[in-house]
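The primary structure of each chain is shown beneath.
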Amino acid sequence: NAGVTQTPKFRILKIGQSMTLQCAQDMNHNYMYWYRQDPGMGLKLIYYSVGAGITDKGEVPNGYNVSRSTTEDFPLRLELAAPSQTSVYFCASSYAGDLRYGYTFGSGTRLTVV
Amino acid sequence: DAKTTQPNSMESNEEEPVHLPCNHSTISGTDYIHWYRQLPSQGPEYVIHGLTSNVNNRMASLAIAEDRKSSTLILHRATLRDAAVYYCILGNSGNTGKLIFGQGTTLQVKP
């Protein structure tokens, strides 16, 4: 099993550019999450999804969009990149939302906006 | 969301037990207590979780106070590979499964 796969691993964007961070899981998990982690800080929840076609905002959703057309994929879109979005982005998934199950995290995408 | 309080950092010697404390005085009856750790330059990794009773797995043990207002993650024999940031997190009481991370405890393991 690959678990949670994130691509790309690294990316440098110019201010105002757009990009999509990809996240895919092969564990048939219904619940998926996007977090960002700024240097020396804990993780902040950006968006989450409880199933295909259903998404909701987390703690810090401004500047981002998501979609969930399939169970496997949960891409994160940055429309107009800003230096404040320089961060490491982690995708995670879970079998269910009642927290009897742990999360599986991807290895992250390190994004720099210049 | 109920909050947790952890020490910013702790030190341990290799091959000695480590007790990582967490206070969660506003925990609700349906909140699970989760522990994750994050090794340098990696994504968080699930360690253990529990509701009321103490829990053991191959990685660690979780001791939960009787009133559930605090818990302790126990690493029985610390190794250098256990040096990481350890997060104590309370689960969302709804059905969305959100985990809200705090600052965590940075554990240093000395040889």
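One can find the structure itself at the top, above this paragraph.
Residues numbered from 1 in each chain as written. Chains lettered and ligands numbered in written order. Predicted model: local features only at pLDDT ≥ 70, side-chain atom pairs only at ≥ 80, totals over all residues. Heavy atoms only, no water.

Caption draft 1: How the structure looks around the overall build of chain B. In terms of helices and strands, chain B carries 0 helices and 9 strands. The secondary structure elements of chain B, listed N-terminal to C-terminal, are β-β-β-β-β-β-β-β-β. Against the 2.2 N^0.38 benchmark of 13 Å for 111 residues, chain B shows a C-alpha radius of gyration of 13 Å, consistent with a compact globule. Taken along its principal axes, the extent of the C-alpha atoms in chain B is 40 × 30 × 25 Å. Split into buried and exposed, the 111 residues of chain B put 46% on the buried side. Carbon and sulfur atoms provide 46% of the accessible area of chain B, an area that totals close to 5600 Å². (Helix = DSSP H or I, 4+ residues; strand = E, 2+ residues; numbered from the N terminus. Rg over C-alpha atoms; globule rule 2.2 N^0.38 Å. Buried < 20%, exposed > 50% of the residue type's maximum accessible area, 1.4 Å probe, protein only. Areas by Shrake-Rupley, 256 points an atom, 1.4 Å probe, with all protein chains shown as cover.)

Caption draft 2: Quick look at the interface of chain B and chain A. Each partner contributes residues to the interface: chain B has 22 residues there, and chain A has 22 residues. Of all the elements in the fold, those that place two or more residues in the side of chain B that touches chain A are strand S3 (33–38) and strand S4 (45–50) of chain B. Take the side of chain B that touches chain A: its biggest share by element is 3 residues, from S3(B). When the residues that make up the side of chain B that touches chain A are grouped by side-chain class, the tally is 8 nonpolar, 13 polar and 1 charged. (Contact = heavy atoms within 4.5 Å. Nonpolar A, V, L, I, M, F, W, Y, C, P; charged D, E, K, R; others polar.)

Caption draft 3: The arrangement of the nonpolar core in detail. Judged by nonpolar contacts, the single largest core of 21 residues is most densely connected at B:Leu20, B:Ile33, B:Trp35, B:Leu73, B:Leu75, B:Tyr86 and B:Leu107. Counting residues per element, the ones that place at least two in this core are strand S2 (18–23), S3, S4, strand S6 (61–64), strand S7 (70–75), strand S8 (84–90) and strand S9 (105–110) of chain B. At 4 residues, S8(B) tops the list of elements feeding residues into this core. Counting 19 residues, the second largest nonpolar core, distinct from the first, contains A:Ile46, A:Tyr47, A:Leu78 and A:Cys91. (Core = buried A, V, L, I, M, F, W, Y, C linked by side-chain atoms within 4.5 Å.)

Caption draft 4: Fine view of the pairing of strand S5 (residues 43–51) of chain A. Residue and element names in this part refer to chain A. For S5, the buried fraction is high: 7 of the 9 residues fall into the buried class. Bridge count for strand S4 (residues 31–37) against S5 is 6 bridges, and the pairing is antiparallel. Paired with Arg36 across the two strands is Lys44, which belongs to S5. Connecting S4 to the antiparallel partner S5 that follows it, the hairpin turn spans 5 residues, and Gly40 within it adopts a positive phi of roughly 75°. (Pairing = 2+ DSSP bridges.)

Caption draft 5: Up close: unusual backbone geometry. For the peptide bond that leads from A:Thr7 to A:Pro8, omega is -10°, which places it in the cis range. Among the secondary structure elements, A:Pro8 is positioned in the loop between strand S1 (4–7) and strand S2 (10–13). Residue B:Arg68 is not a glycine yet carries a positive backbone phi of 65°.

Caption draft 6: Local environment of the sheet that holds S2(B). Residues and elements named next belong to chain B. Pairing is antiparallel in the open sheet, where 4 strands are placed in the order S2-S7-S6-S5. Looking at the sheet topology across the chains shown, the edges are occupied by S2 and strand S5 (55–56). With 2 bridges connecting them, S5 and S6 associate as antiparallel partners. Residue pairing in the sheet places Asn56 in a bridge with Ser61 of S6.

Caption draft 7: Representation of the pattern of salt bridges within the structure. All names here are of chain B. Tallying each qualifying case throughout the model produces 6 salt bridges over all chains. Between Lys110 and Glu11 there is a salt bridge, with the nearest N and O atoms lying 3.1 Å from each other. Of the two residues, Lys110 sits in strand S9 while Glu11 sits in strand S1 (residues 9–13), which places them 99 residues apart along the sequence. Where Arg77 meets Glu15, a salt bridge forms, and the shortest distance between an N and an O atom there is 3.5 Å. Here the residue Arg77 occupies a position in the loop between S7 and S8, and Glu15 occupies one in the loop between S1 and S2, the gap between them amounting to 62 residues. Members of the salt-bridge network, linked through shared partners, are Arg37, Glu45 and Asp82. (Salt bridge = Lys/Arg side-chain N within 4 Å of Asp/Glu carboxyl O.)

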